[in-house]
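# Coordinate inspection notes
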Amino acid sequence: MREELTAAYIEKKEIEVIELDKKTLSKNVSIALYQVRWGLSLRQPFVADETGITQQQLSAYEKGETLPSILSLVKLADLYDISLDYLVGRCQNSKAHKTTKTFTYKEESNHANR
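Description of the structure in this document. Here the residue numbering is sequential within each chain, running from 1 through the sequence in written order. Reporting of local features is limited, given that this is a predicted model, to residues whose pLDDT is at least 70; pairs of side-chain atoms are given and counted only at 80 or more, and all residues count toward the totals for whole chains, interfaces and linings. The basis for every side-chain value is the complete set of non-hydrogen atoms in the structure, without hydrogens or water.

## Points about the layout of surface pockets
Threshold: As defined here, a cavity is a set of points on a 1 Å grid over the protein atoms alone where a 1.4 Å probe fits but cannot get out. A pocket is an open set with protein on both sides within 12 Å along at least five of seven lines, and residues line them when an atom is within 4 Å of a point. Grid points are joined across faces, edges and corners, and a volume is the space filled by probe spheres set on the points. Helix numbers and strand numbers start at the N terminus; a helix is a DSSP run of H or I with at least 4 residues, a strand a run of E with at least 2. Under the convention adopted here, Pro, Cys and the residues Ala, Val, Leu, Ile, Met, Phe, Trp and Tyr are nonpolar, Asp, Glu, Lys and Arg are charged, and Gly plus all remaining residues are polar.
Considering only enclosed or pocket space, the largest pocket measures out at about 170 Å³ in volume. Forming the boundary of the largest pocket are K27, N28, I31, A32, Q35, Y86, G89, C91 and Q92. At five residues, helix α2 (residues 22-39) tops the list of elements feeding residues into the lining of the largest pocket. Here the lining of the largest pocket is composed, by residue class, of four nonpolar, four polar and one charged.

What follows is the structure, encoded as C-alpha cells:
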C-alpha cells in the first residue's frame, strides 16, 4: 500500500527519484566537502573547531574513507552555506532547497555573553 501511495505521489508531482548507492554517495560527499572547503579558503582545523567534528574525521570524509552522519552533514552544510542536496550530489546548485539558518560562530557567541 505504501509503495503504491509513494508511486502515485511521485507520478502526480513528477518527482525524479535519484537512487544513489553508498559508494557513489561517499564519492559525491568527499568531492563536495573538499572542493567547497578549499573554495572558501578554510583550513581543516578551523572547520573542526567551528563544527565540533574532529580534524581526523574531516580528513576521512574528504578522502571518502567514511560517510558523515546526517548531523555532521548538516553542520558542514550550515558552515559552508550550501544545501544538503548539493553536498550529497543530488543537484549542481549549491543553494538549491536550502533553508535560511544563521550559523553562530564561537567568537560571536562568546562576545554576546559578556
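Having seen the model, we can carry on.
## Quick word on a nonpolar patch on the surface
The cut-off we apply is this: Only residues above 30% relative accessible area that lack a salt bridge enter a patch, with like-charged residues linked at up to 9 Å and the nonpolar side chains Val, Leu, Ile, Met, Phe, Trp and Tyr linked at up to 5 Å. Every accessible area reported is derived by Shrake-Rupley at a probe size of 1.4 Å, with residue values counting cover from the shown protein chains alone. Here, a salt bridge means any Lys or Arg side-chain nitrogen found within 4 Å of an Asp or Glu carboxyl oxygen. Type-normalised accessible area, obtained with a 1.4 Å probe on protein chains alone, sets the label of each residue: buried when under 20%, exposed when over 50%, and partly exposed for intermediate values.
Together, I70, L71, V74 and L84 make up a nonpolar patch on the protein surface, roughly 350 Å² of accessible area in all. In terms of residues, the nonpolar patch owes the most to one element, helix α5 (residues 70-80), which gives three residues. Tracing the sequence through the fold places V74 in helix α5. The exposure class assigned to V74 is partly exposed, which follows from its relative accessible area of 31%.

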